[in-house]
Amino acid sequence: MRIGYPCINRSIGCSAGRTFRLANYSFQRLIDTIDLNLGCLDEILHDNLANGFLFHRISSDIVPFASHPVCTVDWQSRFADAFAGLGEFVRTHKMRISMHPDQFTLINSPNRDVFERSLRELAYHSDVLDLMGLGADARIQIHVGGIYGDKPAAIDRFVRRYKGLDERISRRLTIENDDRLYTFADCVRIHERVGIPIIFDNLHHGINCSGEPLLEVFAKLSQIWTGRIGIPMTDYSEPLPGGRSGRHAEQIDTGAFHRYLSDTAGYDFDIMLEIKDKEKSAAAAVQIAAEDPRLVIM
DNA sequence: CAGTGTCAAGGTGGA
DNA sequence: TCCACCTTGACACTG
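Let us look at the structure shown here.

Criteria and cut-off values
Residues numbered from 1 in each chain as written. Chains lettered and ligands numbered in written order. Predicted model: local features only at pLDDT ≥ 70, side-chain atom pairs only at ≥ 80, totals over all residues. Heavy atoms only, no water. Helix = DSSP H or I, 4+ residues; strand = E, 2+ residues; numbered from the N terminus. Rg over C-alpha atoms; globule rule 2.2 N^0.38 Å. Buried < 20%, exposed > 50% of the residue type's maximum accessible area, 1.4 Å probe, protein only. Contact = heavy atoms within 4.5 Å. Areas by Shrake-Rupley, 256 points an atom, 1.4 Å probe, with all protein chains shown as cover. Disulfide = S-S within 2.5 Å. Pairing = 2+ DSSP bridges. Axes fitted to C-alpha atoms, helices over the stretch in contact; angles between N-to-C directions. Expected span 1.5 Å × (residues − 1). Polar contact = N/O pair within 3.5 Å; in protein donor to acceptor, adjacent residues only side chain to side chain.

### Notes on the overall build of chain A
- Along chain A, the regular secondary structure elements total 11 helices and 8 strands.
- In terms of C-alpha radius of gyration, chain A reaches 19 Å, essentially the compact-globule figure of 19 Å for 298 residues.
- Here chain A holds 298 residues, and 54% of them are scored as buried.
- For chain A, the share of sequence-separated contacts (at least 6 apart) that also reach a separation of at least 24 residues comes to 79%.
- Of the roughly 13200 Å² of accessible surface on chain A, a fraction of 50% belongs to carbon and sulfur atoms.

### Observations concerning the state of the cysteines
- A complete count under the given rule lists 1 disulfide for this structure.
- A sulfur-sulfur distance of 2.0 Å marks the disulfide that ties Cys14 to Cys40. Across the disulfide from Cys14 to Cys40, rotation about the S-S bond amounts to roughly 85°, and the bridge is consequently right-handed. Taken as a pair, Cys14 in the loop between strand E1 (3-6) and helix H1 (27-51) and Cys40 in helix H1 lie far apart in primary sequence, 26 residues in all.
- Look at Cys14 and you get partly exposed, because its relative accessible area is 22%.
- Free cysteine Cys7: the closest other cysteine sulfur is in Cys40, separated by 11 Å.
- Here Cys187 is not cross-linked by a disulfide; its sulfur's nearest cysteine counterpart is in Cys209, at 12 Å.

### Some points on unusual backbone geometry
- At Lys94, a position not held by glycine, the phi torsion is positive, near 55°.
- Checked against the element boundaries, Lys94 lands in the loop between helix H3 (80-92) and strand E3 (96-99).
- Among the residues examined, Lys94 registers a relative accessible area of 61% and is labelled exposed.
- Even without glycine at this site, Tyr148 takes up a positive phi of about 55°.
- The topology assignment puts Tyr148 in the loop between strand E4 (139-143) and helix H5 (151-163).

### Remarks on the sheet that holds E3
- The strand order around the closed barrel formed by 8 strands is E1-E2-E3-E4-E5-E6-E7-E8, and the pairing between neighbours is parallel. Here the strands of the sheet are splayed against their neighbours by 30° on average, with no regard to which way each runs.
- Sheet topology places E3 next to E4; 2 bridges connect them, and they run parallel. By the bridge assignment for E4, Met99 is matched with Ile140.
- Relative to strand E6 (residues 198-201), helix H9 (residues 214-224) is tilted by about 155°, and along the sheet it contacts E6 and strand E7 (233-236).

### Focus on helix H4 (residues 112-131)
- Relative to the 28 Å expected for 20 residues at 1.5 Å per residue, H4 spans 28 Å between its end C-alpha atoms, a close match to the ideal helical length.
- With a side-chain oxygen positioned 2.8 Å from the backbone nitrogen of Asp113, the residue opening H4 is Asn111.
- Of the residues one or two after H4, Gly133 is the one with positive phi, at around 70°.

Dropping the structure here:
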């Protein structure tokens with residue numbers, strides 16, 4: 001079990017996801033921004049190691065506008081050494097990396113343009129992980145997509161499109177149960193058709209639930225995640241107290257997290273903490289898990 | 001310099 | 001058919 005937080009470290013003083021407005025795009029600005037972002041990612045990973053956070057999600061903004069037509073820079077070659085260095089650090093310390101393209105990445109959209117743009121976005125994410133030299137345990141997570149008025153057809157389209165993906169992308173792609181449209185059971189049905197692994201999100205499962213008790217979910221996950229793709233990746237979050245459905249809590253509820261660990265005893269998996277205060281709650285989580293035999297110690 | 005409108009990209013659901 | 005809403009952070013403009 002490894003614990004981490006997504007993208008942003010609030011105390012380190014830099015961001016690995018700096019970007020700028022498209023209107024201000026220039027070759028130099030892009031190069032400078034990527035350079036700063038990679039430098040900051042290096043700082044973040046070192047800080048994570050020092051604090052026992054061996055799981056990290058890299059911001060999709062690490063290379064701004066990477067999949068946009070405006071970007072004609074060969075950033076892959078230009079920053080190959082920097083990415084390779086970061087990857088070596090990750091591998092040396094047995095860290096795990098994920099990326100999460102945002103809501104515009106839709107494999108199953110009936111709109112061909114949306115699909116094509118999504119392919120370019122996924123190719124960019126694959127580039128980052130490939131340049132880092134990471135194995136198939138480094139994953140790209142997306143949601144299944146929209147319903148478009150006909151869920152079975154939308155699922156069929158996902159399956160068809162997935163089968164046609166370049167292996168370079170499909171080897172890393174992973175679906176996550178979302179909070180409105182596709183439940184864990186939906187994801188399992190898709191998995192059974194094409195073998196794509198599932199990232200389990202506990203908060204989404206609470207809001208958009210297909211009924212499986214936690215232990216049933218984890219039994220399934222450990223069947224799915226074996227071999228080269230590693231142990232299950234999961235997202236853990238808690239609802240914002242008194243907030244609207246789906247909002248994430250400001251800080252971790254240590255009691256709830258402790259219960260979650262107890263409830264899942266016997267299953268090993270990695271936890272991405274989607275809590276607003278990021279590394280602060282991650283530190284609390286590591287402390288809570290300190291006596292858990294599953295936690296990986298550096 | 002603080003405050004705030006807006007940002008590449010989509011989809012759903014209510015009017 | 002149109003519009004608000006989803007969620008997040010931060011860029012960059014305004015005064």
